[in-house]
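Analysis of the macromolecular model
The residues making up each chain are set out below.
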Amino acid sequence: MSVRVRFAPSPTGFLHIGGARTALFNWLYARHVGGVFVLRIEDTDAARNTQQAVDVILDGLRWLGLDWDEGPITADATGPCKGQCGPYFQSQRKDLYQRRVEALLSHGLAYEQDGAVKFKMTREPVVIEDIVVGQVIRPLTDREETDPDFVIVRSDGEPVFHLVNVIDDLDMGITHVIRGEDHLSNTAKHIALFRAFGVEPPKYAHIPLILNGDGSKMSKRDAGASLMTYPEEGYLPEAVLNYLCLLGWSSKDNQEVFSLAEVVERFDLPQVLRHNAKFDPKREKLNWLNFEHMRRLDSERFNELTVHALSTAGIDTSSHPLPFVKAALATGRDKLRNLSEAPGYLGFYFRDAVETDLAEAPKLMIPENKPRLVRLRAAFASAAGFDAATLETTLKAIAVELGLKAGPLVHPVRVALTGKGSGPSLYHLMEVLGRERTLARLDAVIARL
Ligand code: GLU
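The structure presented is a predicted model; accordingly, all values stated were derived computationally and were not measured. (Residues numbered from 1 in each chain as written. Predicted model: local features only at pLDDT ≥ 70, side-chain atom pairs only at ≥ 80, totals over all residues. Heavy atoms only, no water.)

Turning to the pairing of strand β9 (residues 176-180), a few remarks are in order. The buried fraction of β9 amounts to five of the five residues, a majority that puts the element mostly inside the structure. Pairing between β9 and strand β10 (residues 203-207): five bridges, direction parallel. Paired with I178 across the strands is A205, a residue of β10. In this fold, the crossover linking β9 to β10 by way of helix α6 (residues 187-196) has right-handed handedness. (Buried < 20%, exposed > 50% of the residue type's maximum accessible area, 1.4 Å probe, protein only. Helix = DSSP H or I, 4+ residues; strand = E, 2+ residues; numbered from the N terminus. Pairing = 2+ DSSP bridges. Right-handed = clockwise from strand over helix to strand, strands pointing away.)

Across a sheet, strands are paired by hydrogen bonds formed along the backbone, either parallel or antiparallel in direction. Read across the sheet, three strands follow the order β4-β5-β8 without closing on themselves; strand pairing throughout is antiparallel. Since the sheet does not close on itself, it has two edges, and those belong to β4 (110-113) and β8 (150-153), each with one partner. Averaged over neighbouring strand pairs, the angle between their axes works out to 45 degrees when direction is ignored. (Axes fitted to C-alpha atoms, helices over the stretch in contact; angles between N-to-C directions.)

Moving on: the environment of N276. Within the secondary structure, N276 sits in the loop between α9 (260-266) and β12 (277-278). Separated by 165 residues in sequence, N276 and R441 place their C-alpha atoms 56 Å apart. The residues touching N276, leaving out its near neighbours within four places in the chain, are E181, P208, L209 and L211. A distance of 3.0 Å separates a polar side-chain atom of N276 from the backbone nitrogen of L209. (Contact = heavy atoms within 4.5 Å. Polar contact = N/O pair within 3.5 Å; in protein donor to acceptor, adjacent residues only side chain to side chain.)

Residues in close proximity to the ligand include R6, A8, P9, S10, E42, F161, N165, R179 and H183, which together make up its full environment. Between a nitrogen atom of the ligand and a main-chain N or O atom of A8, the distance comes to 2.8 Å. Contact distances for the ligand include 3.0 Å between an oxygen atom and a side-chain N or O atom of N165. The fraction of the free accessible surface of the ligand (290 Å²) that becomes covered by protein chains is 82%. At a threshold of 2 Å from the grid points, most atoms of the ligand map onto the largest pocket. (Near = heavy atom within 4 Å. Areas by Shrake-Rupley, 256 points an atom, 1.4 Å probe, with all protein chains shown as cover. 1 Å grid on protein atoms, 1.4 Å probe; cavity = no way out; pocket = protein on both sides within 12 Å on 5 of 7 lines; lining within 4 Å. Sits in = over half its atoms within 2 Å of the grid points.)

I152 and Y349 are the most contacted members of the largest nonpolar core, which totals 134 residues. Here the element with the most residues in this core is helix α18 (residues 426-448); it accounts for ten residues. Setting aside residues no more than four positions away along its own chain, I152 makes contact with L104, A110, V117, K118, F119, E158, P159, V160, L163 and L193. (Core = buried A, V, L, I, M, F, W, Y, C linked by side-chain atoms within 4.5 Å.)

Turning our eyes to something else, we now look at the side chain of N290. Assignment of secondary structure puts N290 in helix α10 (residues 284-296). You can call N290 buried: its relative accessible area is 0%. At a separation of 2.9 Å, a polar atom in the side chain of N290 contacts the main-chain amide nitrogen of L236. When near neighbours in sequence (up to four residues on either side) are disregarded, N290 contacts G234, Y235, L236, A239, R337 and N338.

The phi dihedral of D114 falls on the positive side, at around 50 degrees, and the residue is not glycine. Mapped onto the elements, D114 comes out in the loop between β4 and β5 (116-119). For D114, a relative accessible area of 74% corresponds to the exposed category. Positive phi values are uncommon outside glycine, yet N254 reaches one of about 65 degrees. The residue N254 is located in the loop between α8 (237-246) and α9 in this model.

Time to look at the layout of surface pockets. A water-sized probe rolled over the atoms picks out the places where empty space is left. Counted as a void, the largest pocket has a volume near 1100 Å³. Secondary-structure elements contributing two or more residues to the lining of the largest pocket are β1 (4-7), α1 (17-33), α5 (161-171) and β9. For the lining of the largest pocket, the element with the most residues is α1, which contributes four residues. Among the residues forming the lining of the largest pocket, the class breakdown is 16 nonpolar, twelve polar and twelve charged. In this model, the second largest pocket occupies a volume close to 360 Å³. Looking at the second largest pocket, it is lined by 17 residues, and the ones nearest its centre are P231, G234, H308, A309 and L339. Those elements that provide at least two residues to the lining of the second largest pocket are α7 (229-232) and α11 (299-312). (Points joined across faces, edges and corners; volume = space filled by probe spheres on them. Nonpolar A, V, L, I, M, F, W, Y, C, P; charged D, E, K, R; others polar.)

On their own, these measurements won't tell you what the molecule is for.
Printed below as a string of C-alpha cells:
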C-alpha cells in the first residue's frame with residue numbers, strides 16, 4: 001500500500017508555526033517512504049474563505065519548500081506537480097459531500113432533525129491506535145451518553161468539519177492522518193464515520209502541541225507564532241525547517257543540525273516525541289541553527305539571499321560590477337548570523353557616501369586623527385599593491401613610524417571607510433573597495449577634520 005498523507009489547513013489568514021510543523025511532518029513522512037503529499041484547503045467556512053487567507057498558506061509552504069504532489073488544476077492530474085498544481089479546495093467538492101450524506105441517510109446511518117442532518121454515532125467507546133500517542137479509548141462524556149449523535153449538515157445546508165474531513169480523507173485515499181493533538185478529541189467521531197461509509201479508517205498520528213516557554217498553549221498573538229515573521233526577520237527556510245523538526249522529533253543520535261535531505265532520510269513517525277514541544281521565545285536555538293545554516297549555504301545561494309536582503313533595505317547592488325559584488329559579499333561569509341544583518345554589515349560597500357554611526361562619529365572627528373589619516377592616506381596611495389597583506393604591512397609600518405599601536409589607526413580608518421565600529425576584516429574590506437574608493441573615503445573625512 002503506498003502512503004498518502006495530507007496537510008489540511010483551514011484558511012484563517014494566518015499560518016501558525018504549529019500548522020507549518022504539521023505540514024512538515026506530513027511532507028517528511030511522504031518523502032521518507034516515497035509516498036504522496038496532498039494539500040487540501042478546508043475552506044467550507046465561507047466567511048473566512050478569501051484568496052488572501054489561502055495565499056498565506058501557499059506562500060508559507062513555498063517559502064519552506066514543502067511541495068505538494070497533486071491537485072485538480074493541472075493538465076496531468078495524476079503526475080507529480082511539484083507544488084505547481086492544486087491544491088484541493090473543499091469548497092469545490094460540495095457535490096461529493098451531498099452524495100455521501102444521501103448514502104448515509106438512505107442506509108439509516110443518519111437522520112434529519114430540525115432541518116439539520118445528524119449522524120448516528122456508535123454507543124460503544126471507540127479505540128484509537130495512535131502511532132504517536134499510543135492506544136486511546138475515549139469514554140463517552142455525560143452529554144454523549146444521553147445523545148452521542150452529532151450534526152453533520154447544519155440546518156443552513158453547510159456540511160460540518162467532521163463530515164467533510166472524513167469524506168475527503170476517504171476519497172483521497174489518505175493512509176495516514178498526521179495532525180495536531182488538538183484533533184485527538186475528534187478522532188472517535190471520524191473513525192465512526194469511516195466505518196459508516198464501510199471502510200477502515202486511516203492510521204492516526206497526533207503530534208503533541210507546541211507550547212510557550214511557560215507551558216501555556218501557543219496562540220495566534222504570541223510572538224513568533226506566525227510562520228511569515230521568520231522570512232521577514234531574515235531567517236533562512238533551512239533553519240526554520242530544522243527548528244520545526246526538532247520541535248517534536250529527534251534523531252536517534254541526537255544530531256541537531258540537519259539539512260532537509262538528511263531529515264527525510266531519518267524521519268519516521270514512531271520517533272515523534274510524545275511530550276509537548278516548548279517554543280523558545282528568546283530564539284536561542286533558532287538563532288544558533290540559523291548561523292549554522294548560513295555557514296552551510298553554497299556561495300551562489302548565499303549571494304542571492306544576501307543581495308535580496310540588501311535590496312529590501314534599499315541598497316542596490318545591481319549597478320556595481322559583479323566581481324566587486326561577489327568579493328564584497330564574500331567578506332560576510334561566516335560572519336552573518338542572519339540575513340537581516342546584511343545591510344548593516346555589508347551596506348557600506350555599495351553606498352556612495354559613508355553613513356557614520358552616531359556612536360562612532362565623535363571618536364572619528366578628533367584632531368589627532370587628522371595627521372594620522374593624512375599619513376596613512378599617503379602610504380596607501382603609494383603602496384606597491386592593494387591586497388590585504390600589503391595593506392596590513394603598510395598600516396603596521398606607519399604605526400611604528402608614529403610610535404603607536406595598530407589599534408588607534410585601524411579604528412579611525414575603519415570608521416572612515418565603513419561608518420561602523422565593527423565589520424569585515426579591515427585589510428580585506430580595503431582590498432575589496434580598491435585604492436580609488438578607499439582614498440576618496442579617507443579624503444572626505446580628512447576634509448572635515
Ligand atoms: N482543517 C483542520 C485544521 O485546520 C484539519 C484537521 C485535520 O488535519 O484533520 O485544523
